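Chain residues, written in single-letter form:
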Amino acid sequence: MDIIDQDSRSNDPVEKGVAGYLDEIIALRHDLHQYPELAFQELRTSKLVASRLSSWGYEVATGIAGTGIVATLKRGEGRRRIGIRADMDALPIEEATGLAYASSNPGVMHACGHDGHTSILLAAARYLAESGNFSGTLRLIFQPAEEIGAGARKMISEGLFERFPVDAVFGLHNWPGVPAGQFGFVAGPAMASVDQAIIKIVGKGGHGAEPHRAVDPVLASASFITALQSVVSRNVDPQDMAVATVGSIHAGSASNVIPESVEMKLTMRAFSEAVRQLLQERIPALARAQAESFGAEAEVNYRLGFPALVNHAKETAFARDVAYDALGLAAVEKDFRPRTASEDFAFMLQANPGSYLFVGNGDSAPLHSAHYNFNDAIIAPAARYWVLLAETFLTDDNG
């Protein structure tokens, strides 16, 4: 693709079209932010999104995975079909931004930018309905429950891609710390798998003054936590990535009492399925061995979450080329690296070719922070990108 220079981009009809209703989309984003809804509870959000899409002429299917939506727009004789996904759910976090449009739902907050992702796709949806230059089938997927890793899987299990087949599916996530509006692409593993373990070390409680009469589960758990680091440093290939973090540990309530048990909660991350399986084998074995060495026992509940998000090479190259063409070389982060956070869009990429990309949110608070806020300045360039991606994919010469 030829690179469009800055002057030609400034006269781009998509940019002008989105600019014409950008204030309305920003107001919509603020409304979504003020009324956030948790996973599978996105009733108000879903109704609002479906209403807008219907008013623009989309064929709208609702109730998929409860609150999920698929909007379809067909034009011309093109046979190609593209899917673009946005997530809608919020997090169980008490907001601390002090914004005029801060959450009005106590303990619930859009701390990951899903209000922005939904607004971006709606901005693109409006332009594509009113002025889109394409031939083929456009499917816009508004997904619930990404934050708990269940929404994509449930939509797929309810026949998402049988009812609404696509040739490729794309999604995006904003990313704090990356310059606002700058895009990042990663071929292959782009985000990590995520699994959880709840490990309970069971000993024998007793008086803190007589430790020899007890089996101290606190000591056993401390030994396990120290030994846990050997899984990554000695069992995983140094050229691979793995994370094993103990994020929660609870035991006892008094300084002079040795408790009966200790409970720990762990999160595990990996970019490859082989490393993921290695962690699943080694961590329970290590917990049991460490507990036994102290005369205690380990009860392990290892819960599989979702796999690594693996972008398809062809579709990622296509998505990157569209960004170069639409926005110029300077708008693409050349060395964007995989992220160790996780995304249930991984399930959609297991079902279809596609790619998940990133757009910079600027110098903002991190994701999942009570101080985070989505950057409204990235709505226009990201919406414009979705429009051009869809129009480029859905052309007659692509069959």
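Residues numbered from 1 in each chain as written. Predicted model: local features only at pLDDT ≥ 70, side-chain atom pairs only at ≥ 80, totals over all residues. Heavy atoms only, no water.

(A) Looking closely at the overall build of the chain. Looking only at helices and strands, the chain features 12 helices and 15 strands. For 399 residues, the compact-globule estimate of 2.2 N^0.38 gives 21 Å, and the chain sits close to it at 24 Å. Over its C-alpha atoms, taken along the principal directions, the chain stretches across nearly 80 × 45 × 40 Å. Burial statistics for the chain: of 399 residues in total, 54% are counted as buried. Look at the contacts in the chain between residues 6 or more apart in sequence, and 82% of them connect residues 24 or more apart. For the chain, the accessible area works out to roughly 16800 Å², and carbon and sulfur atoms hold 49% of it. A gap of 3 Å separates the mean positions of the 33 positive and 47 negative side-chain charges of the chain. (Helix = DSSP H or I, 4+ residues; strand = E, 2+ residues; numbered from the N terminus. Rg over C-alpha atoms; globule rule 2.2 N^0.38 Å. Buried < 20%, exposed > 50% of the residue type's maximum accessible area, 1.4 Å probe, protein only. Contact = heavy atoms within 4.5 Å. Areas by Shrake-Rupley, 256 points an atom, 1.4 Å probe, with all protein chains shown as cover. Lys, Arg positive; Asp, Glu negative; His and termini not counted. Charge placed at Lys NZ, Arg CZ, Asp CG, Glu CD.)

(B) Spotlight on the pattern of salt bridges. A complete count under the given rule lists 15 salt bridges for this structure. Across the salt bridge formed by E130 and R126, the nearest N and O atoms sit 3.1 Å from each other. Separated by four residues within a single helix, E130 and R126 lie in helix α5 (residues 114–131), roughly one turn from each other. For R126, a relative accessible area of 17% puts it in the buried group. One salt bridge connects E158 with K154, and the closest N-O pair in it is separated by 3.2 Å. Given the relative accessible area of 34%, E158 is considered partly exposed. (Salt bridge = Lys/Arg side-chain N within 4 Å of Asp/Glu carboxyl O.)

(C) A look at the UniProt feature "binding site: Mn(2+) 1" (unreviewed entry) in the chain. The UniProt record marks H173 with the feature "binding site: Mn(2+) 1" (unreviewed entry), using the residue numbering of this structure. Apart from residues no more than four positions distant in its own chain, H173 is found in contact with C112, H114, H117, E343, Y356, L357, F358, V359 and L367. (UniProt positions renumbered as here; feature names shortened; annotations may be inferred.)

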